[in-house]
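Spelled out from the first residue to the last, the chains are:
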Amino acid sequence: MQHQTIAVLDYGSQYSQLICRRVREANVFAELISWDRAAEKLPEIENLAGIILSGGPNSVYDEGAPTLPEIVLAGDVPVLGICYGLQLLAHYGGGHVVPSHEREYGAAEIHLLAASPLFAGLPADQRVWMSHGDRVDRLPDGFVSIARSDNSPLAAVAAEDRRRYGIQFHPEVVHTTHGRQLLRNFVRDICGCIGDWTAGNVILESVERIRQTVGPDGHVICGLSGGVDSAVAATLIHKAIGDRLTCIFVDHGLLRQGEAEQVVETFEKHQGMRLIAVDAKEDFLSDLAGVTDPEKKRKRIGTRFVRVFEVEAARLALEWGIDNPAFLAQGTLYPDVIESASNDDTRNARTIKTHHNVGGLPADMTFRLIEPLRMLFKDEVRTIGAELGLPEEIVWRHPFPGPGLAIRLLGEVTWERLEVLRKADSIFLEELRAADLYRQTSQVFCVLLPVQSVGVMGDGRTYENPIALRAVTTDDFMTADWARLPYDLLAKVSNRIVNEVDGVNRVVYDISSKPPATIEWE
C-alpha cells in the first residue's frame, strides 16, 4: 500500500524526526530526507502530499549554509517551513532575513492576525516555543503575515493561493501548546491526507516486507533483550516467517538483578517462540577489562554481541542443514539511529553517542540486518506491541540499554562494581513499584560513580562510592525531563541503599533534562 507521504527535509534540527512523529500522530506517513538529497529522493515518492522544512542551527548567510532545493519551489504540493525553514522560504523567494535585535529562545506568545487553515480551530492567542537568532523582516511577493509575537512581527506567514506557509516557532515540541493541532491542520486539511497510517497497517506492511526480504527459505536470528523493542521486532518477524525465527538472549553479565531468569521465563510463557539463552559473561567482562572510555565500551559490547550471534548462527546452520543464517534482527529505534548519526538519512545530525546496535557493529559483520522498527519512536512501538497482543509487562517495561550496566557504571567494569550497582538498582525499582510510580515514569535507574566521598557510619569515617539516582519522564526519548519523585520516596531509597549496599555511603538525585544531558550517563 502506497501511503500519502509528507517529506520532512532535515536541516540539522535536533527535533527533525520529532516532526515526523507528530505527523504520524495524525495518522499520516512521514519520511525524513536530508535536504541535500531532496532532488534525488522527492521524485521517488509516489504519493507525495506535502513538504515540511525543518529548523536548523544555521543562518541563511553562513558560508556553506544548507540551501532550499529548487525542486521544493518548483513543485505544487503544500510547503511548511519551520524556523530556519521559514527563513529559507523568505530568502529564496525574494524576501529578506536579518539578525534579530534580541535572540528569541524559549516560551513566547503569538497573536493571530488573519484567518488561515493552518490555525483553524485554534485560539487567537497561544503559547509557542521559539529558538532563533535571525528573523524575516521582508516577505516575498504573495506572502502575508498571519501571526506575530512581541519580537517577531512575522511569526507566521502564508501564501494561501500557493499553499505555502512559514512559522518562526517549533510546533513539534510539547512547549507549543497547540503545535500538534497546527501540524494536523497542515497535513490533513491543507495537504488533504486521509490519515490511513495506523498501527494495524504498520503491522501488515512490516510483516509483508519481512517476508519479501527473507524469502521463502531464509532464517533469521533475533537478538532478544526482554524489552519492548526487541520483543515487538521478534513478534513481527515471527508473524512473517514462523519457526524460521530463532531468538537469542545473551546474558552478558551486565544485566540487572534477576533479569536473565525473568526474560527467559516471560518469553517461554507468553511468546511461543524458540529462545536460546547464551551465557557469555566471561567474554564480555574480558573485553571490557581496563576500559573506561564510554565509546570504547559501546563498540566492544556491540562487537561481542555480533561474535556471539555468529557462533550461534553457525551452530544453528548445522542443525538446519543450511548455510549460515543470513539475517540478524534487532529492535533498533530511531533515537538510537539519530544519536549515532550513522546513515545518510541522519547525516545532518551530530554524533552524541554510538549505540552498540548501530555505530557499534563491526565492519566485518556477515549478517544482513533486519530492523523493522528503525524509524519508529518508543511510544509508537508500544502502540504496535499492544496491537500485537503482547503482555503488559513487556509493552510497558522501562527501556534497558543493550550495553546494560556497563554504561551506568562509570569507569572500569568489574564484577564487584557490577554487584554494587545491581543491588542499589534493585532497591530503587522495588521502592518505585511499591509507590505505584513505575508507569508514571519512563526510565529509572542507578549510576555508580567512579569517585569516593567521605561519610560517617557507626561513628566511624568512611570513604566510599556515591550512587546517583536517575528518573525521567518522556514520550519519545528524544527529549526528557527529570521526574519529580516524592521526597519521602527518595529518602527511603537513599536510606535503604546506604544501609544495605556495601561500598556506598552517599546517594544523589540527577535533576538534568535532555537536552542538555542525555538520559544515560554514558
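The coordinates are above.
All values reported here derive from a predicted model rather than from experimental measurement.

**Q** Help me understand the pattern of salt bridges in this model?
**A** Opposite charge on two side chains makes pairing possible when the charged atoms of those side chains draw close. Enumeration according to the criterion identifies 28 salt bridges in this entry. A salt bridge links Glu208 to Arg211, with the nearest nitrogen and oxygen atoms 3.9 Å apart. Of this pair, Glu208 and Arg211 both sit in helix H6 (residues 199-214), 3 residues apart, roughly one helical turn. Overlapping salt bridges, with partners in common, bring together Arg21, Arg22, Glu25, Arg180 and Asp379 in one network.

**Q** Teacher, can you tell me more about the nonpolar core here?
**A** Soluble globular proteins tend to bury their nonpolar side chains together. In this structure, Val220, Leu245, Ile467, Leu469, Leu485 and Ile497 are the most contacted members of the largest nonpolar core, which totals 91 residues. By residue number, the principal contributor to this core is helix H7 (residues 228-241), which donates 9 residues. When near neighbours in sequence (up to four residues on either side) are disregarded, Leu485 contacts Phe428, Leu432, Leu437, Thr441, Ala471, Leu490 and Tyr509.

**Q** Would you mind showing me how to read the environment of Ala231 here?
**A** On the secondary structure map, Ala231 appears in helix H7. By relative accessible area, Ala231 is classed as buried at 0%. A C-alpha to C-alpha distance of 8.8 Å links Ala231 and Phe267, two positions 36 residues apart in sequence. If we skip the residues at most four places from it in the chain, Ala231 touches Leu224, Phe267, Leu390 and Ile394.

**Q** Sorry, what's going on with empty space enclosed by the protein here?
**A** Any space left empty among the atoms is revealed by the rolling of a water-sized probe across them. Scanning the entire structure with this criterion turns up 2 cavities of 30 Å³ or more. If you add up the space inside the second largest cavity, you get close to 30 Å³. Lining the second largest cavity are Leu224, Cys247, Phe267, Gln271, Met273, Arg274 and Leu275. For the lining of the second largest cavity, a count of residues per class yields 5 nonpolar, 1 polar and 1 charged.

**Q** Just to check I follow, could you spell out helix H14 (residues 415-434) for this structure?
**A** Three or four residues apart is the spacing at which side chains of an α-helix point the same way, because the helix has 3.6 residues per turn. End to end, H14 covers 28 Å across 20 residues, agreeing with the expected 28 Å (1.5 Å per residue, within 8%). When H14 is considered as a whole, its buried residues turn out to be Arg417, Leu418, Val420, Leu421, Arg422, Ala424, Asp425, Ile427, Phe428, Leu429, Glu431 and Leu432. If you follow the buried residues of H14, they end up packed against helix H9 (281-288), strand S15 (443-448), strand S17 (460-473), helix H15 (487-500) and strand S19 (504-509).

**Q** Looking at this structure, how should I read the environment of Leu390?
**A** Locating Leu390 in the fold gives a position in the loop between helix H12 (378-387) and helix H13 (392-395). For Leu390, a relative accessible area of 8% translates into the label buried. For the pair formed by Leu390 and Ala90, sequence separation is 300 residues and the distance between their alpha carbons is 49 Å. The contacts of Leu390, once residues within four sequence positions are left out, are Ala231, Val232, Thr235, Gln271, Gly385 and Val395.

**Q** How should H7 be read in this particular structure?
**A** The end-to-end C-alpha distance of H7 is 20 Å, a good match for the 20 Å that 14 residues give at a rise of 1.5 Å each. Counting buried positions along H7 yields 12 of 14 residues, so the element is predominantly enclosed. Listed in full, the buried residues belonging to H7 are Val228, Asp229, Ser230, Ala231, Val232, Ala233, Ala234, Thr235, Leu236, Ile237, Ala240 and Ile241.

**Q** Is there a simple way to think about the layout of surface pockets in this case?
**A** Roughly 970 Å³ of volume is contained in the largest pocket. Contributing elements (two or more residues each) for the lining of the largest pocket: strand S2 (29-34), H6 and strand S14 (368-370). The element that contributes the greatest number of residues to the lining of the largest pocket is H6, accounting for 6 residues. Residues that form the lining of the largest pocket fall into these classes: 15 nonpolar, 6 polar and 11 charged.

**Q** Help me out: how do you make sense of the packing of aromatic side chains in this one?
**A** In this description, an aromatic ring pair is defined by two values, namely the gap between the centres and the angle between the planes. In total, this model carries 7 aromatic pairs according to the counting rule given. Chaining the aromatic ring pairs together yields one cluster made of Tyr11, Trp35 and Tyr84. Taking NZ or CZ as reference, Arg21 lies 5.8 Å from the ring centre of Phe377, over its face. Directly above the ring of Phe445 sits Arg408, whose terminal nitrogen or CZ lies 3.9 Å from the centroid.

**Q** Can you walk me through the pairing of strand S8 (residues 156-159) in this structure?
**A** Look at any regular strand and the pattern is simple: side chains alternate between the two faces of the sheet. The side-chain alternation of S8 yields two buried faces, one formed by Ala156 and Ala158 and the other by Val157 and Ala159. Alignment of strand S7 (residues 144-149) against S8, held across 3 bridges, turns out to be antiparallel. Within the sheet, the bridge partner assigned to Ser145 lies in S8 and is Val157. Linking S7 to S8, which pair antiparallel, is a turn of 6 residues. Across 4 bridges, S8 lies against strand S9 (residues 164-167) in antiparallel orientation. In the sheet register, Ala158 faces S9, and the bridge partner there is Tyr165.

**Q** So what exactly am I meant to see when it comes to the state of the cysteines here?
**A** One covalent bond between the sulfur atoms of two cysteine residues makes up a disulfide. Overall, the coordinates contain 0 disulfides when judged by the stated rule. Free of any disulfide, Cys191 has its nearest neighbouring cysteine sulfur in Cys193, separated by 5.4 Å. The class of Cys191 is buried, set by a relative accessible area of 11%.

**Q** When you look at the sheet that holds strand S10 (residues 220-223) in this model, what are you seeing that I'm missing?
**A** By definition, the strands of a sheet pair up through backbone hydrogen bonds, in either a parallel or an antiparallel sense. The 5 strands are arranged S12-S11-S10-S13-S14 in an open sheet whose pairing can be described as parallel. Whereas interior strands pair on both sides, the edge strands pair on one side only; in this sheet they are strand S12 (275-279) and S14. Neighbouring strand axes in the sheet, compared pairwise and without regard to direction, differ in orientation by 30 degrees on average. As paired elements, strand S13 (residues 327-329) and S14 share 3 bridges and run parallel to each other. The residue of S14 that forms the bridge with Phe327 is Arg368. Strands S10, strand S11 (245-251), S12 and S13 of the sheet are contacted by helix H10 (residues 294-320), whose axis makes an angle of about 140 degrees with S11.

Here is what the cut-offs are and how they apply
- Residues numbered from 1 in each chain as written.
- Predicted model: local features only at pLDDT ≥ 70, side-chain atom pairs only at ≥ 80, totals over all residues.
- Heavy atoms only, no water.
- Salt bridge = Lys/Arg side-chain N within 4 Å of Asp/Glu carboxyl O.
- Helix = DSSP H or I, 4+ residues; strand = E, 2+ residues; numbered from the N terminus.
- Core = buried A, V, L, I, M, F, W, Y, C linked by side-chain atoms within 4.5 Å.
- Buried < 20%, exposed > 50% of the residue type's maximum accessible area, 1.4 Å probe, protein only.
- Contact = heavy atoms within 4.5 Å.
- 1 Å grid on protein atoms, 1.4 Å probe; cavity = no way out; pocket = protein on both sides within 12 Å on 5 of 7 lines; lining within 4 Å.
- Points joined across faces, edges and corners; volume = space filled by probe spheres on them.
- Nonpolar A, V, L, I, M, F, W, Y, C, P; charged D, E, K, R; others polar.
- Expected span 1.5 Å × (residues − 1).
- Phe/Tyr/Trp six-rings, centres within 6.5 Å; stacked < 30°, edge-to-face > 60°.
- Lys NZ or Arg CZ within 6 Å of the ring centre and 35° of its normal.
- Pairing = 2+ DSSP bridges.
- Disulfide = S-S within 2.5 Å.
- Axes fitted to C-alpha atoms, helices over the stretch in contact; angles between N-to-C directions.

Treat this as a map of the structure, not an account of what it does.
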